[in-house]
Amino acid sequence: MLLSEPLTPTATAAPAGPVHGGAPADADRPLVGYVVKSYPRFSETFIVRELVAREEAGERAVVASLRPPKDPRFHALLARVQAPVTYVPDDVRGGLVRVWEGLAALRAAGVAPSREALDALLDEDPGVAAQAVGVARWAVAEGVTHLHAHFASLPGRTTRLAAMLTGLPWTMTAHAKDVFHEDVDPRRLAAVMADADGVVAVSDMTTAWLAERHPTARLHRVHNGLDLDELTWSSPAHRPAVVAAVGRLVPKKGFDVLLDAVALLRGRGVDVRLRLAGAGDGAADLAARVTRLGLEDAVELLGPLPQHEVVALLRGAAAFAAPCVVAEDGDRDGLPTVVLESLAVGTPVVSTPVTGVPEAVIDGVTGHLVPERDAAALADALQRLLADGEERERLSRAGRAHVELRFDVRGQAAALRRITADVAAARTTAPAVTA
């Protein structure tokens, strides 16, 4: 779709859903425009869950995806999303035409970009600027009243410009790779953090980290939440000696350390099995490590699994391992959703005190924490858990209570709704700027 063509959704997650902007009653209600890099994305269930929770609480939403989805795998949860999805063109060659036509279309719609917005466009990479104009056109055409980006990188930069062009209020959720990775452009990140009407961080640790580096950012800590009705608890006391692990096969997950820990356990005569689910660039290296350590009969590399199979994997394990590390390139997890899911279904967690993990895994209370990159300590903690059903039961009950208290997606949706309303109120009451 080129910007010279009518702005209509090119894909819709749920065709049977309500048509936004159709009924007069809907036209008066706020409409949140989500801006994401690629939708849907298999590893970003948290965005889908957030959308479902906000819609089921009565909010309206539409989605702009800056890249087409490449992953053929989808979660069943997608069927519950009502928001239509628009794919904003990203080919650079047509960018100039799209910018030109997009700005003209905005003017025709009565939106006059400020000099500051045009300066910001010229300061950005051409591809980002072109897509920002496209997002601005989409937002105006859909009747969006508030923009919300997930990730401070491409979505945050694009949404910042689109908000400047349209004058719409906007917020952004910061995660991990978009702020911690060494490839993050500090100048671009600073602009996003300074200009957003609100920045949501998914852990206390991330909030503090951002506050130290971006003291003027309007920060809110909102944990990613779970639909706890779907994640029923069961006792792990009598489960077999299986350790589960789930995540992308990348250095920050620390799965190489986990394999070393399993080798130590086998060397001690512990009859443990590891079931590891996930895909990623490190798959071949991990498979080679399994062979080198002689763990072919103890480790299953399951590949990527849909959400219901991940839950089944967690429910069949006596313990869940999340040996997170800070990778050499600075990348790290914010707070892995699967850690919360494991606590919810009753599988005790052994992890490391990296970023927001200690906010879910409270050492000795809801699970165990060991130093990162310490295979011996990880093996010790897993061995104790595998040998003690009563201890697993105790940690499991406390873990479930903890996620019910702090990580319910309905609480997350309510917090985001309050932030959106507060931003709108602040814009309404802000004093007019005079020349």
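Residues numbered from 1 in each chain as written. Predicted model: local features only at pLDDT ≥ 70, side-chain atom pairs only at ≥ 80, totals over all residues. Heavy atoms only, no water.

Caption draft 1: Summary view of a positive patch on the surface. Taken together, the side chains of Lys 37, Lys 70, Lys 177 and Arg 248 present a region of like positive charge at the surface. Using a relative accessible area of 35% as the deciding quantity, one classes Arg 248 as partly exposed. (Patch = residues over 30% accessible without salt bridge, like charges linked within 9 Å, V, L, I, M, F, W, Y side chains within 5 Å. Areas by Shrake-Rupley, 256 points an atom, 1.4 Å probe, with all protein chains shown as cover. Salt bridge = Lys/Arg side-chain N within 4 Å of Asp/Glu carboxyl O. Lys, Arg positive; Asp, Glu negative; His and termini not counted. Charge placed at Lys NZ, Arg CZ, Asp CG, Glu CD. Buried < 20%, exposed > 50% of the residue type's maximum accessible area, 1.4 Å probe, protein only.)

Caption draft 2: Just the sheet that holds strand β9 (residues 242-246), in detail. Pairing is parallel in the open sheet, where 6 strands are placed in the order β11-β10-β9-β12-β13-β14. Looking at strand neighbours, the two that pair on one side only are β11 (299-303) and β14 (367-369), the edges of this open sheet. Averaged over all pairs of adjacent strands, the angle between strand axes in this sheet comes to 20°, irrespective of strand direction. One ladder, built from 5 bridges, connects β9 with strand β10 (residues 273-277); its direction is parallel. Within β10, the position partnered with Val 242 by the bridge is Arg 273. Contacts from helix α12 (residues 307-315) reach β9, β10, β11 and β12 (319-322), with the element oriented near 150° to β9. (Pairing = 2+ DSSP bridges. Helix = DSSP H or I, 4+ residues; strand = E, 2+ residues; numbered from the N terminus. Axes fitted to C-alpha atoms, helices over the stretch in contact; angles between N-to-C directions. Contact = heavy atoms within 4.5 Å.)

Caption draft 3: Structural view of the UniProt feature "domain: Glycosyltransferase subfamily 4-like N-terminal" (unreviewed entry) in the protein chain. Those places that UniProt annotates as "domain: Glycosyltransferase subfamily 4-like N-terminal" (unreviewed entry) correspond, in this numbering, to residues 130-229. With 50% helix and 17% strand, residues 130-229 has its two end C-alpha atoms placed 42 Å apart. (UniProt positions renumbered as here; feature names shortened; annotations may be inferred.)

Caption draft 4: Highlighting the side chain of Glu 59. By the secondary structure assignment, Glu 59 is in the loop between α2 (45-56) and β3 (60-67). A polar contact is formed between the side chain of Glu 59 and the side chain of Arg 54, at a distance of 2.9 Å. Discounting chain neighbours no more than four positions away, the residues touching Glu 59 are Arg 29, Val 32, Arg 54, Ala 413 and Arg 417. (Polar contact = N/O pair within 3.5 Å; in protein donor to acceptor, adjacent residues only side chain to side chain.)

Caption draft 5: Fine view of the domain arrangement of the protein chain. Looking at the protein chain, the domain boundaries give domain 1 (31-225 + 412-425) and domain 2 (242-407). Averaged C-alpha coordinates put domain 1 and domain 2 at centres separated by 32 Å. Contact residues are listed per partner, giving 20 residues for domain 1 and 21 residues for domain 2. When the two sides are added together, the surface that domain 1 and domain 2 hide from each other amounts to roughly 1,600 Å², 53% of it contributed by carbon and sulfur. By the criterion of area lost to domain 2, the three top residues of domain 1 are Phe 180, Met 205 and His 223, representing 26% of everything that side buries. Counting the contacts that link domain 1 with domain 2 gives 2 salt bridges. The closest approach of N and O atoms between Arg 49 and Glu 341, which form a salt bridge, is 3.3 Å. If you look at where domain 1 meets domain 2, you find 6 residue pairs in polar contact (both at pLDDT 80 or more). Mapped onto the side of domain 1 that touches domain 2, the elements with two or more residues apiece are α2, α7 (177-180) and α9 (204-213). Here the side of domain 1 that touches domain 2 gets 3 residues from one element, more than from any other, and that element is α2. (Domains from an automatic or database assignment. Buried area = accessible area lost by both parts, 1.4 Å probe.)

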